[in-house]
Amino acid sequence: MAEWKWKGARWWKFDFHAHTPASNDYGKGPNQAQLKQITPKDWLLNYMRAGIDCIAIMDHNTGAWFKQLEEALSILDREKPDDYRQLSLFPGMEISVQGGIHVLTIFDTSKTTSDIDALRGSIGYRGTPGHCDGVTTKSFVDVVNEIVSAGGIAIPAHVDEDNGLFQQKGTTLAQELECDQIYAMELINPAFPKPQIYNDKKLSWTEVLGTDAHHPTGNDGQQYPGSRFTWVKMEEPDIEGLRLALLDGALSIKRSDQVTGDPNQHADLAIEEINVSMAKYLGRVNPFALQLNPWLNAIIGGRGTGKSTLVEFCRIALRREKELPEDLEIEFKKYSNVYSSREDFGLLTEETEIIVVYRKNGTKFRIQWSTNGNLEPIQEYINDEWRRAAGEIQHRFPVRIYSQKQIFHLAKTPLALLKVVDEAPEVDYRLWNERWHEEEARFLSLRAKAREIEAGLSEEPRLLGELDDVKRKLTVFEEAGHAGVLKDYQKRSRQQRVVELWSESLADIGDRLREVAGDIVPDELDESAFDIQLPEDGELKDLAASTKRRIDEIRKKLEELALEADHAVAEWQKNKDQSKWKQDVNKAVGDYEYLRKKLEEEGAGDPSAYGELVQRRHTIEQRLQNLQERKNQVNDLRNESKASLSRLLEIRRSLTELRRSFLESVLTDNRYVRIEVIPFGAKETIEEEFRRIIQKESEEFKKDIEGLLDNLLMNSSSSSQREEFLNNIKQHIHAIYTDASGFIEVKDARFKKHIKNLLPEAIDRLDLWFPEDSLEVQYSATADGQRFRSIQEGSPGQKTAALLAFLLSYGKEPLILDQPEDDLDNHLIYDLIVTQLREIKQNRQVIVVTHNANIVVNGDAELVCALEARGGESQKECEGSLQKKKVRNTICGIMEGGLEAFKRRYRRIALEKFNV
């Protein structure tokens, strides 16, 4: 699996409270002297083995060991021994404050031991560094202010335990809780009841967890490296990112006792990078490369900076052009056309290349597109090199790309939205379609075969008449008193022919056995290939000779069997000629010859006519029997086709049910949108499909066709009723086609004539016609899950909101949104987009182009890329997470409401001077 070092924010495993041997109580217990001998390298390796990313060094009132740790870490970075991993050290100390309260002080990674010593002097700690034998001369509030003034972060330590802030009472605690520079606390037990005064002040300090480890291992129930920690979301481990994460609270802080697994886990499908070169306004001087984050990516910038261009180029590379509705195709052409002059609206050149790096289940792929078609469509990264890979891009690399106009189109076009539903894995229309076409082909084949066989049944009446005539003639002969002789003659003649044929099959059995005997004799072994002086070669030669002798014995037995076969055949001929049966045959022939001569002498006619009539009767009866078998076969085929049609109905029902179940599952608790599946309800296409089947796509027979389809075009009926309506239409057409009595009279006689002239294949297609479903989309104007009404009644903003609520509610594939907030008011933007983006980005990657600061800031974008137009092409102004000051300043500078969005997110406006 290729490692992904993505841009923007990620989660870091942070120990906020780690002690070293510089603390006098490190290793406390019977082995303390030995434990305090641990080297800085071994101390660091213990944390590396535990998977820790960041450590705040919190020795008691000292930073004495920090320099040694920095030096040891530098050596480990060079040597990279087993268990090595990158580690960030935050200098600090655990201060014993006046009143016995402990406070964690965290400085930026760039600070040193001297900064810690300077702080210890400024707060008036008079005890022994490394010990808790004294307290500061300054109060809790003053100490916190000094820490902040020095650029650090103050966090009350283990507030729920000894020397913790919550051990204070009354006025003292009230004054300390007034300190507005505190926004995080170390809380060991998350169930610990907060003091009433804390609740009364409506404080919500971020709760972090550190080990407070004084031991390298967990012996005797002690805390140890990795036993407790806090996940912190930052781009890089620094004080600015940490401060914002602590201000952010639950969005950026996760305690190890309240989360399982690694929060850095992300969707298995994600876009790692978008690379464009030699487009008209993008990647001309140097290729434009946008590296992405696995969670929420925001692309911002002023008008005309290329944000939407980047989205549409992704659409081209990922082969998603056909997903656009027709009314947006013209607008899309400017992104997909090559310009030939400055006045042309095309945005491509003859050399444009677009590459999307796509991660699928840990494997990297490059999806490539170029104007000249020179690039391999798919490449896979294997053994540190790119190799050609197979597959269909659209199916193998799923992605959702929606512009605001697309979303609005989906809202007003149910069939377009249905295609989106069908692409969901829970529906998997592709697999369903395979099942449908397989059964459809079976049904049509059965119907065609039945007609083919049925076509040969037309001669049955003629054969029945001819059989009747033959039987009448035979009766004349049989009534003449000669029937017995003639019947016996016919019977014995047939028997004699059968016996003669069988005797012929016996004639050459002996010769065939002799031929086999000759064929099985093997060739001599080529002894020239062997050295008879070698024992093993001699042994093989003897084995071959032994085998040849055994084969020769078999040959002799076959020749003896051939003689036996000759004797058996001769004996058969002799016994047959002497048998009673042969005597009966000879008698029948003699009686017939006598009768023939007698009838000839009497002028009564040739008795052979009787035999011919008997043979003709037999032939006709055989043909009639064959026709009956074919009739049975036709019935069987028709029954099979009925069963196949029933299966097709079940398969079609299953599609409706898949769609319905999927929509119910993803919209169960959705307050904005409700979508109902209407079976066979696609009004837009029902008449068109019906006319295509009956091969009359013009406007003819309008009254008859509208009358037939009228019930089906109404949506206010149940599934079973709609099936009944559809079945009635088919029965009506069948009745006209077969001229059956009782069908409803047509208004236009030409319609009846047209139906009767249809080919049978058209009627087959009618039988397996099940109109497409439709979707009834409803929205809640109050966004409270109440008072739903049809989306067709909504404003553009309400339509967009409803469809966005649906599109954001499901899926694991990357989601690319281009300005989804257009037409939405701020209330909907925050309640709908921001809320859902926070929820879904843990399970799918989102890339959003936006002008709205709320989406970026309060949606908690892990990566922000700001574009600007410079030098005639789109350039990156800045990129990174919200912890970067330049990113925040850019948001405030180019996005309306940027500062307000930050105030809303980072709730202590008094601290904005540190944040924006």
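Before reading further, recall that the structure is shown in the block above.
Scope of this entry: the structure provided in the associated data block. Note that this is a predicted model, so its numbers are computed, not measured. (Residues numbered from 1 in each chain as written. Predicted model: local features only at pLDDT ≥ 70, side-chain atom pairs only at ≥ 80, totals over all residues. Heavy atoms only, no water.)

Looking only at helices and strands, one finds 30 helices and 25 strands in the protein. Relative to the compact-globule value of 29 Å for 916 residues, the protein shows a C-alpha radius of gyration of 46 Å, a clear excess of over 25%. Principal-axis analysis of the C-alpha atoms gives the protein an extent of 155 × 105 × 65 Å. For the protein, the proportion of its 916 residues judged to be buried stands at 48%. Across the protein, every contact between residues at least 6 apart in sequence was considered, and the portion connecting residues at least 24 apart equals 71%. (Helix = DSSP H or I, 4+ residues; strand = E, 2+ residues; numbered from the N terminus. Rg over C-alpha atoms; globule rule 2.2 N^0.38 Å. Buried < 20%, exposed > 50% of the residue type's maximum accessible area, 1.4 Å probe, protein only. Contact = heavy atoms within 4.5 Å.)

If you trace the backbone, P237 turns up in the loop between β9 (230-234) and α8 (239-248). Distance in space between the C-alpha atoms of P237 and F90 is 8.8 Å, their sequence separation being 147 residues. Residues within four places of P237 in sequence aside, it is in contact with W12, C54, S88, F90 and T109.

Before going further, it helps to spend a moment on the pattern of salt bridges. Using the criterion set out here, one finds 66 salt bridges in the structure. Salt-bridge contacts for D584 lead to K580; the nearest nitrogen and oxygen are separated by 2.8 Å. Of the two residues, D584 and K580 both sit in helix α18 (residues 580-602), four residues apart, roughly one turn of that helix. We classify D584 as partly exposed; its relative accessible area is 23%. With its nearest N and O atoms 3.4 Å apart, the salt bridge here joins E657 to R660. Of this pair, E657 and R660 both sit in helix α19 (residues 608-667), three residues apart, which is roughly one turn of that helix. Relative accessible area serves as the criterion here: at 38%, E657 is assigned to the partly exposed category. Under the relative-accessibility criterion, R660 is labelled partly exposed at 23%. (Salt bridge = Lys/Arg side-chain N within 4 Å of Asp/Glu carboxyl O.)

Buried residues dominate strand β4 (residues 92-97), accounting for six of its six residues. Covered by surrounding structure in β4 are G92, E94 and S96 together with M93, I95 and V97, the residues of both alternating faces. Sheet topology places β4 next to strand β5 (residues 101-106); six bridges connect them, and they run antiparallel. Of the residues in β5, the one forming a bridge with S96 is H102. Hairpin connection between β4 and β5: a loop of three residues separates the two successive antiparallel strands, and G99 in this loop has a positive phi of roughly 100°. (Pairing = 2+ DSSP bridges.)

Another point: the sheet that holds strand β1 (residues 10-18). One open sheet accounts for five strands, arranged β3-β2-β1-β9-β10; its pairing is mixed. Two strands close off the open sheet at either side, each with one partner strand: β3 (88-90) and β10 (253-255). Geometrically, the sheet is characterised by an average inter-axis angle of 30° between neighbouring strands, direction not taken into account. Judged from the three bridges that link them, β1 and strand β2 (residues 54-57) form a sheet pairing that is parallel. When the sheet's bridge partners are listed, D15 is paired in β2 with I55. Contacts from helix α3 (residues 66-79) reach β2 and β3, with the element oriented near 170° to β3. (Axes fitted to C-alpha atoms, helices over the stretch in contact; angles between N-to-C directions.)

F690, F751, F806 and I891 are the most contacted members of the largest nonpolar core, which totals 92 residues. Residues within four places of I891 in sequence aside, it is in contact with I300, A853, V856, V857, V864, L882, G898 and F902. (Core = buried A, V, L, I, M, F, W, Y, C linked by side-chain atoms within 4.5 Å.)

Moving on: the packing of aromatic side chains. One pass over the structure, following the stated rule, counts 23 aromatic pairs. Seen from their ring centres, Y381 and W386 are 4.9 Å apart, and the 50° between their planes marks the pair as tilted. Judged by relative accessible area, Y381 falls into the partly exposed class, the value being 28%. Members of the aromatic cluster, joined through ring pairs, are Y429, W432, W436, F680 and F770. If you follow K13 out to its NZ or CZ, it ends over the ring of F229, 4.6 Å from the centre. K360 extends its terminal NZ or CZ atom over the ring of F397, reaching a point 5.8 Å from the ring centre. (Phe/Tyr/Trp six-rings, centres within 6.5 Å; stacked < 30°, edge-to-face > 60°. Lys NZ or Arg CZ within 6 Å of the ring centre and 35° of its normal.)

We now examine helix α6 (residues 170-177). Among all positions of α6, only L173, A174, E176 and L177 are buried. An end-on view of α6 places all buried positions within 165° of arc, on one side of the element. Turned more than 90 degrees off the buried face of α6, the exposed positions are T171 and Q175. The inward-facing, buried residues of α6 abut α5 (140-149) and α7 (196-200). (Arc of directions from axis to C-beta.)

The next point concerns the sheet that holds strand β19 (residues 673-678). Read from one edge of the open sheet, three strands run β19-β20-β21, paired in antiparallel fashion. Every other strand in the sheet has two partners, leaving β19 and β21 (788-790) as the edge strands with one partner each. Strand-to-strand twist across the sheet, computed as the mean angle between neighbouring axes with direction ignored, equals 35°. Looking at chain direction, β19 and strand β20 (residues 774-780) are connected through six bridges and run antiparallel. Its bridge partner lying in β20, E676 is registered against E776. Its contacts with the sheet put helix α13 (residues 414-422) on β19 and β20, and the angle it makes with β20 is roughly 95°. Contacts between helix α25 (residues 796-807) and the sheet are confined to β19, β20 and β21, with β19 contributing the most and set at about 75° to the helix.

It is worth spelling out unusual backbone geometry at this point. Unlike most non-glycine residues, N61 shows phi in positive territory, near 55°. Mapped onto the secondary structure, N61 falls in the loop between β2 and α3. If you check the backbone angles, N383 has positive phi at about 50° while not being a glycine. Inspection of the secondary structure puts N383 in the loop between β16 (378-382) and β17 (385-388). By relative accessible area, N383 is classed as exposed at 63%.

On to the pairing of strand β6 (residues 153-156). Burial along β6 is two-sided: I153 and I155 and A154 and P156, pointing in opposite directions, are all buried. Direction of pairing for β5 relative to β6: antiparallel, over a ladder of four bridges. By the bridge assignment, L104 is partnered in β6 with I155.

Our focus in this paragraph is the side chain of T349. With respect to the secondary-structure elements, T349 resides in the loop between α10 (326-336) and β14 (353-360). Classification of T349 as buried rests on a relative accessible area of 6%. In terms of polar contacts, T349 uses its side chain to reach the backbone carbonyl oxygen of M278, at 2.4 Å. Excluding anything up to four places from it in sequence, T349 contacts M278, A279, K280, R284, V338, Y339 and T371. (Polar contact = N/O pair within 3.5 Å; in protein donor to acceptor, adjacent residues only side chain to side chain.)

Together, D531, E536, E539 and D542 make up a region of like negative charge exposed at the surface. Counting through the fold element by element, D531 comes out in the loop between α16 (509-519) and α17 (535-577). With relative accessibility at 37%, the residue D531 sits in the partly exposed group. (Patch = residues over 30% accessible without salt bridge, like charges linked within 9 Å, V, L, I, M, F, W, Y side chains within 5 Å. Areas by Shrake-Rupley, 256 points an atom, 1.4 Å probe, with all protein chains shown as cover. Lys, Arg positive; Asp, Glu negative; His and termini not counted. Charge placed at Lys NZ, Arg CZ, Asp CG, Glu CD.)

This part takes up the packing of helix α14 (residues 429-454) against helix α24 (residues 760-767). Packing of α14 against α24 brings their axes to within 11 Å, and their N-to-C directions diverge by 145°. Seen along the crossing, α14 lies across α24 with a hand that is right-handed. Contacts between α14 and α24 involve E440, F443, L444, R447 and R451 on the former and, on the latter, P760, E761, D764, R765 and D767. Of the residues contributing to the contact of α14 with α24, the split by class is three nonpolar, no polar and seven charged. (Left-handed = near helix turned anticlockwise from the far one by under 90°. Nonpolar A, V, L, I, M, F, W, Y, C, P; charged D, E, K, R; others polar.)

Relative orientation of the contacting elements α10 and helix α12 (residues 404-412) amounts to 170°, with a least axis distance of 10 Å. By the criterion of interaxial angle, the relationship of α10 to α12 is roughly antiparallel. Handedness of the crossing formed by α10 with α12: left-handed. In this structure, α10 uses D327, L328 and E331 to contact α12, whose residues at the interface are K405, Q406, H409 and K412. For the contact of α10 with α12, the class distribution of residues is one nonpolar, two polar and four charged. (Parallel < 35°, antiparallel > 145°, perpendicular 65-115°, else oblique.)

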